[in-house]
Amino acid sequence: MRRQWAILRKIMETSNGVQNMTELETFLPKDGSNMKDGTAAKYKVTVAPASGGDPEAFLNNSDGKKEWDPFKERKIEHPTTDCDTLTHLLKASLGTGILAMPVAFKNSGMALGIIFTLLVALVCTHCAYVLVKCAHVLYKRTRVTAMSFADIGEVAFANGPPWGRKFSKLARISILGGLFAAYFGTCSVYTVIIAQNFQQVIEHHTGSPLNIRVYISAFLIPLILLSWVPNLKYLAPVSMVANVFMGVGLGITFYYLVWDLGSPWDMPQVAPLMNWPQFFSITIFAMEAIGVVMPLENNMKTPQHFVGICGVLNKGMGGVTMIYIFLGFLGYLKYGDATLGSVTLNLPTEDYAAQAVKILVALAVFCTYGLQYYVCLEIVWDGVKDRFKNNAKLYEYIVRTILTTTAVLLAVAVPTIGPFLALIGALCFAFLGLIIPVFIEFIVYWDVGFGPGNWVVWKNIVILIFGFLALIFGSYTSILDIIKEYSGQVPDLPIPPFVEEPVVQMLGNATMLNSTASL
């Protein structure tokens, strides 16, 4: 019991993206429901019962008559609307990884590409739904109004079955470490992507080559200014602009793709079995956005609208899935076996419209930087803010500046960092997006039950197999990319056929790198 109270106190003292990462200040309801005969009523906080019980009623008022509503108690200085949240979700999922969908279809075939894309979208969306659903259960169990991803993992284990409580701290550390590694790496990669796109267009017109490090350094000040945007509410217009840039860029790309198309029935409908893991590696890391799910939910004015059949999550991922399918289908139909790692590489570089695509993609990535950076900032500021209670706002902006500068300096020092971060992405995003939510659901509902015939168990076993396969194959191809990047030759390793394709030679910077950056 003492451990559970310690964790609750820490959550209450830890920021979670709410009120620009201010404290989760609600523990007892403020509507007077905690008053009984003019005095404060006691609330019973207990460890999960040994068997049975309703997960929605784990913690109730001592008279048992009224259930506490965490959403009515949530107090946010700058809450985001459903539309704001949908905009952020679209931008988080529609990253540069979408440009790799044609080569993903090349590794699956036309018919299987459509089916597999729907499958990946279903699994990723479901895992995000599971995470939010478990968070809502834990809100009521612990009487807090918001939790971060790491909070959910720690509290779930701490209040779960006795055998799992000792893993609560490990769960928190693993989630925080994975999130920071993945998203800080993404921020560094974003600076490289922005610089490379501008470099290609500028040098095409000037004919004067400059080192890529010069272009990366030039974006230090703009990125610092962007990192100073105080919260997700004010980032919503920036994400909207990013969506416009990406939308126009994709529109021009579609313009190139729809001319002189052959018959889709003349294309391979089913690719060789050994090519399929490559499809899943690309698509999972392009669609995965698990790291921004809880910050978005924590900042919503109506968080209950995030899930549900017509919730923000389903609306956003439904639209994203259709765009992914269309671009993958048309791109592969247009270029066939000549499809490259990023479809923009197939566009004629001498055309002004194709150059505009590169600039628009670079601007879209720049505008998305703030959303990806927000995850890193939340983790770091939560860890150090108690040391700077005086002039907290000033120190917060100093931390923002240091983080951004470090990310840019890392990109300047190692502009070929892509293959390493692809490996981090393969490990972290499969682990965080597919595996961790399943374990959290197991723990949260351990004493409640898993439905008729334990169908939740069987469902989660299938997802775990899917997640571990994605982790293994994604890591394998990333390791090959690292060896090729620094040795200049194909490693003498037992390579299955699907990684012998020429596309693998581009995954380090054009496919897995860009896909990872879209979380």
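The residue numbering used here restarts from 1 in each chain and proceeds along that chain's sequence as written. Given that this is a predicted model, residues contribute local features only at a pLDDT of at least 70 and side-chain atom pairs are listed and counted only at 80 or more, while totals for whole chains, interfaces and linings are drawn from all residues. Only heavy atoms go into the side-chain values, all of them from the structure, while hydrogens and water stay out.

Trainee: Can you help me understand the environment of Thr405 in this one?
Mentor: Strands are runs of DSSP state E lasting at least 2 residues, helices are runs of H or I lasting at least 4, and numbering of each runs from the N terminus. Tracing the sequence through the fold places Thr405 in helix 15 (residues 392-413). Spatially, the C-alpha atom of Thr405 lies 8.6 Å from that of Leu223, the residues being 182 residues apart in sequence. Contacts are assigned to residue pairs that have any heavy atoms within 4.5 Å of one another. Excluding anything up to four places from it in sequence, Thr405 contacts Leu220 and Ile224. Polar contacts, as used here, are pairs of N or O atoms within 3.5 Å; protein pairs need one atom able to donate a hydrogen and one able to accept it. Residues neighboring in sequence count only if both atoms are side-chain atoms. Of the polar contacts made by the side chain of Thr405, one reaches the backbone oxygen of Thr401; its length is 2.8 Å.

Trainee: How do you make sense of the packing of aromatic side chains when you look at a structure like this?
Mentor: Two aromatic rings are characterised by how far apart their centres lie and by the angle between their planes. Aromatic rings from Phe, Tyr and Trp, taking only the six-membered ring of Trp, are treated as a pair when their centres fall within 6.5 Å; an angle between ring planes under 30 degrees marks them as stacked, one over 60 as edge-to-face, and anything in between as tilted. Applying the stated rule across the entire model yields eleven aromatic pairs. On the basis of an interplanar angle of 10 degrees and a centroid distance of 5.2 Å, the ring pair of Phe180 and Phe184 is categorised as stacked. Residue Phe180 and its partner Phe184 are located together in helix 7 (residues 168-206), separated by four residues, close to a single helical turn. Here the term buried applies to any residue with accessible area under 20% of the maximum for its type, exposed to any over 50%, and partly exposed to those in between, with areas from a 1.4 Å probe on protein chains only. The exposure class assigned to Phe184 is buried, which follows from its relative accessible area of 14%. Ring centres of Trp228 and Tyr397 lie 6.2 Å apart, and the angle between their planes is 75 degrees; this geometry places the pair in the edge-to-face category. Of this pair, Trp228 sits in the loop between helix 9 (220-227) and helix 10 (232-257) while Tyr397 sits in helix 15, and the two are 169 residues apart along the sequence.

Trainee: Just checking my understanding: could you explain the pattern of salt bridges for this structure?
Mentor: Salt bridges are identified by distance alone: a Lys or Arg side-chain nitrogen within 4 Å of an Asp or Glu carboxyl oxygen. With the rule as written, the count across this model stands at eight salt bridges. Between Lys393 and Glu396 there is a salt bridge, with its nearest N and O atoms 3.7 Å apart. With Lys393 and Glu396 both in helix 15 and three residues apart, the pair spans about one turn of that helix. With relative accessibility at 45%, the residue Lys393 sits in the partly exposed group. The salt bridge involving Glu396 is made with Arg400; its shortest N-O contact spans 2.8 Å. Of the two residues, Glu396 and Arg400 both sit in helix 15, four residues apart, roughly one turn of that helix. When sorted by exposure, Glu396 lands in the same class as Arg400, which is buried. The network of salt bridges with shared partners includes Asp151, Glu154, Lys169 and Arg172.

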